Amino acid sequence: MAATTDYATLYRELEARWPAIATTILVLLMVLLLPRLLRPDPLAGIPVVGDGHKGFMKRGGWAIYTEGYNKFKEGVFRVATARQSKVLVVSPKFLPELKKLPDDVLSFAGAVEESMQSKYTKIDSDVPSLPHTVKTSLTPSLAHLNPTIYNEVEEAMRLELPQTADWTEVNINSKLLRIVAMASGRIFVGPELCRDEAYLDASINYTVDLMTAVHILQFTPPWLRPIVARFLPQVKKLQRRIQEADNFLRPVVAARRREAAENPDYQKPDDMLQWIIDSQQKFGAKDDKELAKNQLGISFAAIHTTTLTTTNAFYTLAAMPEVIPMLREDVQQALAESGGEFTSLAMQNMKKLDSFMKEVLRYYPLSAASFQRRVLKPFTLSNGQTIPPGVIIEVPAGSMNYDSDIHDEPYQFDPLRYYKLRESKGAAASATKAAEVVANSQFVSVGTTSLTFGYGRHACPGRFFAVNEIKMVMATALLHYDIKNVPGVTGRYENMQIGAQSVPDPKKTIMMRKL
Ligand code: HEM
């Protein structure tokens, strides 16, 4: 009874004072929200190109980047992509200053984390042992590893490609996936596993599973993602892939450790698996399962990127068979000087093939954007534009490749474009300029106008390996095969543009015959 009276009194008092209470709440809300509302939007002055996420996927990211680049190539514009974060596309002229910013301002791992939907796929985006091992062990070993890589390239091509002098229709993309996985695997997992079907399946299809999961999650509203990810078969499959890789790696790792313990003359294998085993402590690996994650991580970075670039080259050759004799002669000449060995020098001397491949990268870049970084701390560009934390920045690499201020006749595929640039270095104003022309005109080089391998401290560390491997595959194909389009196909197959990506159509075929 007493409680009822208390409530009644309280109610009466509230009723009497509600205007004062409502005013107080309103004032409090204003005090809390007003600074937010009045704070100038740091992105307000930046023009937006495109019509939202759906338009980006439907109309195609490429058209949107090109529209933005043509209008604002000296400045900054915004595009709505499949990312959750706001994306600012900045002019390549800022690259030299952006390159100097530390990782706690511009984060490579932060951008990858969102691209891989790491929060939901549970795939670690920051594995410093990988770039470290590639830089400190793989690249410096290439000179003595080249013969080993070449042996595997030759054998893989013999196993996968037609061995007849009759013209044969070949789905080159699927063949190259296996050839690249075997040849890379020889250095990634060693001779015990590089042709093992379980390894080949993992190294090829882990990327497919991960990208499928990412694609589905990108099209799921952010609030639903934690629930969808929990039940998504593709996300569950990623964990199964790690377990399967662990299953095939463990016996090999155990055998290597046993041999090292028992045999005083044991020579450790010269491969990525061993280098990572040897640096496990340094990078604080919790257990051997990390080895499986590392191997899948390196396959993700290496196998499809290398295969797509090489498929682009084969589709181009099939449509331009007239350039084959010239490239074949280039390869023969370089090998004649090295006694037939695929030495580093011989591959450097394949200058026309090098130029052809660099032109393939220019004409068919895999992505419209490069140098993707998450901004962690605010900074100001030299034009006065402040870039706030939380956004992703990137550079419109694809559109730049077709800019006539940068490349003469950019819409013409000129196999010798970079060869001619290197040869014309004599006309350069100074020795420094000549050296710069040579350095920037190579397949492996990165620069403010060559961004397919990225730029700055996180530029692809595997590109030296990739370039050698691709040259070995291309040189072997040129020496031993004729290549042309399938009857009825005229011209070069169009690439497929999916969002900001551009990939050769994996279903297409070409004709090959053994010489
Ligand atoms: C044609 C083949 C390849 C292409 C086009 C390619 C492209 C790229 C690009 C664009 C990046 C990001 C760079 C940036 O944002 O600045 C990258 C990073 C990376 N790539 Fe490659 N890549 C290729 C092959 C490889 C291979 C064969 C390996 C391993 C041997 C590899 C290992 C890596 C690693 C570990 C990173 C991360 C670098 C870091 O964390 O600092 N890549 N690659």
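Residues numbered from 1 in each chain as written. Predicted model: local features only at pLDDT ≥ 70, side-chain atom pairs only at ≥ 80, totals over all residues. Heavy atoms only, no water.

**Student:** Just give me the short version of unusual backbone geometry, but keep the residues and values in it.
**Tutor:** Here K122, not a glycine, exhibits a phi torsion of approximately 65 degrees, which is positive. Tracing the backbone through its elements, the reader meets K122 in the loop between α6 (118–121) and α7 (129–160). Here F371, not a glycine, exhibits a phi torsion of approximately 55 degrees, which is positive. Along the chain, the position of F371 falls in strand β6 (residues 370–375). We classify F371 as buried; its relative accessible area is 5%. (Helix = DSSP H or I, 4+ residues; strand = E, 2+ residues; numbered from the N terminus. Buried < 20%, exposed > 50% of the residue type's maximum accessible area, 1.4 Å probe, protein only.)

**Student:** I'd love a proper account of the sheet that holds strand β9 (residues 392–395), names of residues and values included.
**Tutor:** The 6 strands are arranged β1-β2-β3-β9-β6-β4 in an open sheet whose pairing can be described as mixed. Across the chains shown, the open sheet's two edge strands, defined by having one partner strand only, are β1 (48–49) and β4 (106–107). Two strands pair when backbone bridges link them, and β1 and strand β2 (residues 76–79) are joined in this way by 2 bridges, in the parallel orientation. Looking at the pairing, V49 lines up with V79 of β2. Helix α3 (residues 61–72) rests against β1, β2, β3 (87–90) and β9 of the sheet, and its axis sits at about 160 degrees to β2. Lying over the sheet, helix α5 (residues 108–115) contacts β4, β6 and β9, oriented at roughly 95 degrees with respect to β6. (Pairing = 2+ DSSP bridges. Contact = heavy atoms within 4.5 Å. Axes fitted to C-alpha atoms, helices over the stretch in contact; angles between N-to-C directions.)

**Student:** Talk me through the UniProt feature "binding site: heme" (unreviewed entry) in the protein; I want residue IDs and the actual numbers.
**Tutor:** On the UniProt side, "binding site: heme" (unreviewed entry) is annotated at positions that read C460 here. On the basis of relative accessibility, which here comes to 27%, the residue C460 falls in the partly exposed class. (UniProt positions renumbered as here; feature names shortened; annotations may be inferred.)

**Student:** Give me the coordination of the iron atom of the ligand: which residues, what numbers.
**Tutor:** On the protein, C460 (SG) is the one donor atom to the iron atom of the ligand, at 2.3 Å. Mapped onto the elements, C460 comes out in the loop between α19 (431–440) and α20 (463–480). (Donors = N, O, S within 2.8 Å, 3.2 Å for Na, K, Ca; no water.)

**Student:** So what's going on with the environment of L451? Which residues, and what values?
**Tutor:** Looking at the element boundaries, L451 is found in the loop between α19 and α20. Overall, the relative accessible area of 4% leaves L451 in the buried class. A C-alpha to C-alpha distance of 25 Å links L451 and L345, two positions 106 residues apart in sequence. Beyond its immediate stretch of four places on either side in the chain, L451 contacts L95, S370, V395, A397 and M400.

**Student:** Explain the nonpolar core to me, using residue names and the numbers behind them.
**Tutor:** Soluble globular proteins tend to pack their nonpolar side chains together in the buried interior. With 95 residues, the main nonpolar core has F314 and F356 as its most contacted residues. In terms of residue count, helix α13 (residues 289–319) provides more of this core than any other element does, 11 residues in total. In this structure, L95, F371, F379 and V395 belong to the second largest nonpolar core, which totals 24 residues. (Core = buried A, V, L, I, M, F, W, Y, C linked by side-chain atoms within 4.5 Å.)

**Student:** Describe the pairing of β3, with residues and values.
**Tutor:** Residues V87 and V89 point to one face of β3 and L88 and V90 to the other, with burial holding for every one of them. One ladder, built from 4 bridges, connects β2 with β3; its direction is antiparallel. Pairing of R78 across the sheet is with L88, part of β3. Pairing of β3 with β9 involves 3 bridges; the strand directions are parallel.

**Student:** If you had to explain the sheet that holds strand β10 (residues 481–485) to someone new, which residues and values would you point to?
**Tutor:** The antiparallel open sheet is built from 3 strands, whose spatial order is β5-β13-β10. Of all strands in the sheet, those with a lone pairing partner are β5 (168–170) and β10, marking the two edges. The mean inter-strand angle of the sheet, taken between neighbouring strand axes irrespective of direction, is 35 degrees. Bridge analysis of β5 against strand β13 (residues 510–514) gives 3 bridges, and the strand direction is antiparallel. If you follow T168 over to β13, its bridge partner there is M512.

**Student:** I'd like to hear about the packing of helix α8 (residues 172–188) against helix α9 (residues 197–218), residue by residue, with values.
**Tutor:** For any two helices packed against each other, one specifies the crossing angle of their axes together with the interaxial distance. Viewed as axis vectors pointing N to C, α8 and α9 meet at an angle of 110 degrees, and their least axial separation amounts to 10 Å. If you check the angle between α8 and α9, you find them roughly perpendicular. Contact residues: α8 offers L177, R178, A181, M182, S184 and G185, while α9 offers E197, Y199, L200, S203 and I204. Classifying every residue of the contact of α8 with α9 gives 6 nonpolar, 3 polar and 2 charged. (Parallel < 35°, antiparallel > 145°, perpendicular 65-115°, else oblique. Nonpolar A, V, L, I, M, F, W, Y, C, P; charged D, E, K, R; others polar.)

**Student:** So, the environment of V87: which residues are in play, and what are the values?
**Tutor:** Structurally, V87 is set in strand β3. Since its relative accessible area comes to 1%, V87 is described here as buried. When the C-alpha positions of V87 and P389 are compared, they lie 11 Å apart, and in sequence the two are 302 residues distant. For V87, the residues in contact, after removing those within four places along its chain, are F77, R78, V79, T81, I392 and E394.

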